[in-house]
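Each chain is listed here by its residues.
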Amino acid sequence: MQSMLWQNGALVLLDQTKLPLQEEYIECRDYRRVAEAIRRLEVRGAPAIGAAAAYGLVLGAAEILRNQADLAEELPAVADELKATRPTAVNLFWAIERMMQVFENLQQAVSAPEIVAKLEAAAIEISDKDKQVNESIARHGATLFTNPVSILTHCNAGALATVAVGTALGVIERAWREGNVSEVFADETRPLLQGARLTAVELSQAGIPVTLITDNMAAWVMKTGKVQAIIVGADRIAANGDVANKIGTYGLSVLAAEHGIPFYVAAPLSTFDFMLASGAGIPIEERNPEEVFQFAGVRSAPYGIKAFNPAFDVTPADKVTAIITEAGVIRAPYKEAIQQLAQKMKEETK
Ligand code: MRU
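Residues numbered from 1 in each chain as written. Predicted model: local features only at pLDDT ≥ 70, side-chain atom pairs only at ≥ 80, totals over all residues. Heavy atoms only, no water.

**Description of the nonpolar core**
To keep it simple, the criterion reads: To qualify as a nonpolar core, a set must consist of buried Ala, Val, Leu, Ile, Met, Phe, Trp, Tyr and Cys residues joined through side-chain atoms within 4.5 Å. For every residue, the accessible area obtained with a 1.4 Å probe (protein chains only) is divided by the maximum for its type, and the residue is called buried under 20%, exposed over 50%, and partly exposed between those limits. Labels follow the DSSP assignment, with helices taken as runs of H or I lasting at least four residues and strands as runs of E lasting at least two, numbered in each case from the N terminus. Whether two residues are in contact is decided by their heavy atoms: any pair within 4.5 Å suffices.
Membership of the largest hydrophobic core comes to 47 residues, with the highest contact counts inside it found for M4, L11, L75 and M99. Of all the elements in the fold, those that place two or more residues in this core are β1 (4-7), β2 (10-14), β3 (25-28), α1 (31-39), α2 (46-66), α3 (71-83), α4 (90-106) and α5 (112-142). For this core, the element with the most residues is α2, which contributes 14 residues. In this structure, L75 is in contact with L57, G60, A61, I64, M100, F103 and L119, ignoring residues within four places of it in sequence. In terms of nonpolar packing, the next biggest core, distinct from the first, is built from 29 residues, L152, I237, L269 and M345 among them.

So this is what it looks like as structure tokens:
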């Protein structure tokens with residue numbers, strides 16, 4: 001399953017809200033439809049959101065060109081609309097800022113049609129690079145496992161959450177191919193069930209033994225010695241190593257510490273917010289309470305009550321055993337290690 005394809009000037013997205021029962025695709029020829037798909041989680045997962053938004057910006061630029069309007073005047077509003085879709089995953093802002101940088105560097109030098117062509121090339125590069133980066137994450141992450149272990153994961157950090165390969169699931173798949181994963185426990189991940197609907201599908205399609213649990217079973221699974229490691233993805237990592245990821249991740253990290261189980265985070269450098277001192281500054285998306293009132297689209301709570309629906313939480317750096325990136329595996333003290341990654345990223349984008 002491929003989360004997205006750029007085909008004949010359109011972004012084709014696999015509608016992840018319909019999985020696993022239906023495999024339907026959405027053809028986006030308009031950046032507004034891309035923004036809607038991000039908001040509705042038809043495309044989701046931090047790296048996938050970034051790549052989709054980059055293509056969204058290309059669609060916006062092409063529309064401005066068709067309307068014979070001024071790119072410099074109108075493109076920033078397209079960027080702003082795409083940025084306003086979801087607040088937590090920093091990959092979204094990283095990708096759009098990168099695209100806008102390409103635009104600003106070109107503006108004076110070339111014609112409007114050439115600018116649109118260069119923006120298209122830049123979006124393709126972001127999406128192609130995602131695959132290479134995730135392969136490197138998988139390679140580095142797999143070195144952490146030298147004998148067969150059972151791993152627990154949360155939400156979906158697989159190929160569907162990226163352009164290809166995945167982050168946490170990329171590591172798991174590679175370690176499994178090397179004979180070092182015996183089975184995977186997938187948290188269902190309330191309220192939108194990314195673990196049950198997406199992770200369980202990806203793992204079983206890869207032939208990896210997967211056992212689904214509801215989120216409230218994780219503590220008991222750890223207590224009874226059923227897992228020896230936890231690997232999750234990330235939506236934003238602050239400069240001190242605090243990690244924002246799907247709601248429920250923080251709880252898993254506390255449980256992992258209690259049970260002496262290593263807690264790993266797998267993420268590309270584009271998920272680091274190098275300028276943000278700590279996780280306290282990470283904006284946490286709050287979604288519609290309706291998602292909590294329902295289970296798989298069926299009302300499961302009484303009317304007339306309130307619900308709280310934060311989509312992410314922040315795991316403090318001291319609960320993170322290691323962070324797996326394309327540049328290698330880093331451990332505490334995170335501040336220094338992350339500063340070095342920032343330097344590396346700066347050099348690469350020069
Ligand atoms: O709300 P979602 O489904 O976009 O949340 C996704 C996650 O929390 C993932 O774990 C994270 O984006 C890492 S994806 C490689």
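**A closer look at the confidence of the model for the protein chain**
Quick note on the threshold: As a per-residue measure, pLDDT tells how confident the predictor is, with possible values from 0 to 100.
A residue-level look at the protein chain finds 100% of positions with pLDDT of 70 or above and a mean pLDDT of 97. Model confidence for the protein chain, summarised as mean pLDDT per element, is weakest for helix α11 (residues 334-348) at 93 and strongest for strand β10 (residues 263-266) at 99.

**So, the domain arrangement of the protein chain**
For the record, the criterion: As annotated, the domain borders come from an automatic or database domain assignment. By definition, the buried area sums, over both parts, the 1.4 Å-probe accessible area that each loses when the two are put together. For this document, the term salt bridge refers to a Lys or Arg side-chain nitrogen within 4 Å of an Asp or Glu carboxyl oxygen. In protein, a polar contact requires one atom able to donate a hydrogen and another able to accept it; more generally it is a pair of N or O atoms within 3.5 Å, and residues adjacent in sequence count only if both atoms are side-chain atoms.
Taken as a whole, the protein chain is organised into domain 1 (4-133) and domain 2 (136-348). In this complex, domain 1 contributes 28 residues to the contact, which on the side of domain 2 involves 34 residues. In total, domain 1 and domain 2 occlude about 2400 Å² of area from one another, counting both sides; carbon and sulfur atoms represent 55% of this. The largest share of the area that domain 1 buries against domain 2 comes from R44, T88 and V133, three residues that together contribute 26% of it. In this structure, the connection of domain 1 to domain 2 is made through one salt bridge. One salt bridge in this structure joins E285 and R86, with 2.9 Å as the shortest N-O distance. Where domain 1 meets domain 2, there are 19 residue pairs in polar contact (both at pLDDT 80 or more). Ranked by residue count, the leading element in the side of domain 1 that touches domain 2 is α5, at six residues.

**Some remarks on the side chain of T162**
With respect to the element layout, T162 can be found in the loop between β4 (149-153) and α6 (168-177). Note on T162: relative accessible area 1%, which makes it buried. With residues up to four places along the chain from it excluded, the contact list for T162 reads S3, P47, A48, D130, N134 and T167.

**Description of the environment of L252**
Inspection of the secondary structure puts L252 in helix α9 (residues 249-259). Accessibility expressed as a relative area gives 4% for L252, which makes it buried. Not counting residues within four places of it along the chain, the set of residues in contact with L252 comprises L152, H154, D187, A218, M222, I230 and F263.

**Details of α4**
Basically, it comes down to this: To estimate the expected span of a helix, subtract one from its residue number and multiply by 1.5 Å.
For α4, built from 17 residues, the straight-helix expectation of 24 Å at 1.5 Å per residue is met to within 8% by its first-to-last C-alpha distance of 25 Å. Turning to α4, the residues buried within the fold contact α1, α2, α3, α5, β8 (236-238) and β11 (272-273).

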